[in-house]
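Okay, here's what each chain looks like letter by letter:
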Amino acid sequence: MRYHGDFDWPGIALANRVIRRCSALPWRMAAQDYEQLAAHARDQGSPGLPLVGAPVEASWDADLAAAMTVLNVALHEESALDRLIADLAPGQR
C-alpha cells in the first residue's frame, strides 16, 4: 500500500502512524516532493497557509521536517492531486 497525505504537522503524524501500522510506503511524501509542491503553489499564486504546531519528524525522510520548517507552508493533499493522478497513468510505477 502507498500513502500520501497532507504536508502539515498533523498530516505527518498521521502518515507516521499509517506507515508504521500498515507497512505502507510513502507516496510523493519526501522533502523534495514538498519543496516542489510549495514552489508550484507559489508560482500559481496560491496563498500559503502557515504551519501550525510543533514540528513532527517523518519516519521515512529525515529531511522533511527541516524543509517544512524552513518554508513554513502547509500543503494539503489536494495540491498534489495532478501529480498523484499522473502516477496512476498506464506505464507509470
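Residues numbered from 1 in each chain as written. Predicted model: local features only at pLDDT ≥ 70, side-chain atom pairs only at ≥ 80, totals over all residues. Heavy atoms only, no water.

Structural notes on the overall build of the protein chain
And then number 1: Across its full length, the protein chain holds four helices and two strands.
And then number 2: Its helices and strands in sequence order give the protein chain the pattern β-α-β-α-α-α, from N to C terminus.
And then number 3: In terms of C-alpha radius of gyration, the protein chain reaches 13 Å, essentially the compact-globule figure of 12 Å for 93 residues.
And then number 4: Dimensions along the principal axes, computed over C-alpha positions, put the protein chain at roughly 35 × 30 × 20 Å.
And then number 5: The long-range share in the protein chain, meaning contacts at least 24 apart out of those at least 6 apart in sequence, stands at 74%.
And then number 6: Here the protein chain displays about 5700 Å² of accessible surface, and carbon together with sulfur accounts for 56% of that area.
And then number 7: With 8 positive and 12 negative side-chain charges, the protein chain shows a spacing of 6 Å between the two charge centroids. (Helix = DSSP H or I, 4+ residues; strand = E, 2+ residues; numbered from the N terminus. Rg over C-alpha atoms; globule rule 2.2 N^0.38 Å. Contact = heavy atoms within 4.5 Å. Areas by Shrake-Rupley, 256 points an atom, 1.4 Å probe, with all protein chains shown as cover. Lys, Arg positive; Asp, Glu negative; His and termini not counted. Charge placed at Lys NZ, Arg CZ, Asp CG, Glu CD.)

Remarks on unusual backbone geometry
And then number 1: Phi is positive for Ser 23, close to 50°, though the residue is something other than glycine.
And then number 2: You can see Ser 23 is positioned in the loop between α1 (9–22) and β2 (25–26).
And then number 3: Under the relative-accessibility criterion, Ser 23 is labelled exposed at 60%. (Buried < 20%, exposed > 50% of the residue type's maximum accessible area, 1.4 Å probe, protein only.)

Side note on helix α2 (residues 31–43)
And then number 1: Over its 13 residues, α2 extends 18 Å from the first C-alpha to the last, a length consistent with the 18 Å expected when each residue adds 1.5 Å.
And then number 2: A positive backbone phi angle near 80° is found at Gly 45, which sits one or two residues after α2. (Expected span 1.5 Å × (residues − 1).)

Quick look at the environment of Leu 84
And then number 1: With respect to the helices, strands and loops of the structure, Leu 84 is situated in helix α4 (residues 81–87).
And then number 2: Overall, Leu 84 belongs to the buried group, its relative accessible area being 8%.
And then number 3: The contacts of Leu 84, once residues within four sequence positions are left out, are His 4, Trp 27 and Arg 28.

Section: the side chain of Asp 8
And then number 1: If you trace the backbone, Asp 8 turns up in the loop between β1 (2–3) and α1.
And then number 2: Although Asp 8 is buried, it forms no salt bridge, and the closest oppositely charged side chain is Arg 17 at an N-O distance of 9.9 Å.
And then number 3: The residues contacting Asp 8, other than those within four sequence positions of it, are Leu 51, Met 68, Ala 74 and His 76. (Salt bridge = Lys/Arg side-chain N within 4 Å of Asp/Glu carboxyl O.)

Overview of the environment of Arg 21
And then number 1: Within the secondary structure, Arg 21 is located in helix α1.
And then number 2: Sequence separation between Arg 21 and Glu 35 is 14 residues; the distance between their C-alpha atoms is 27 Å.

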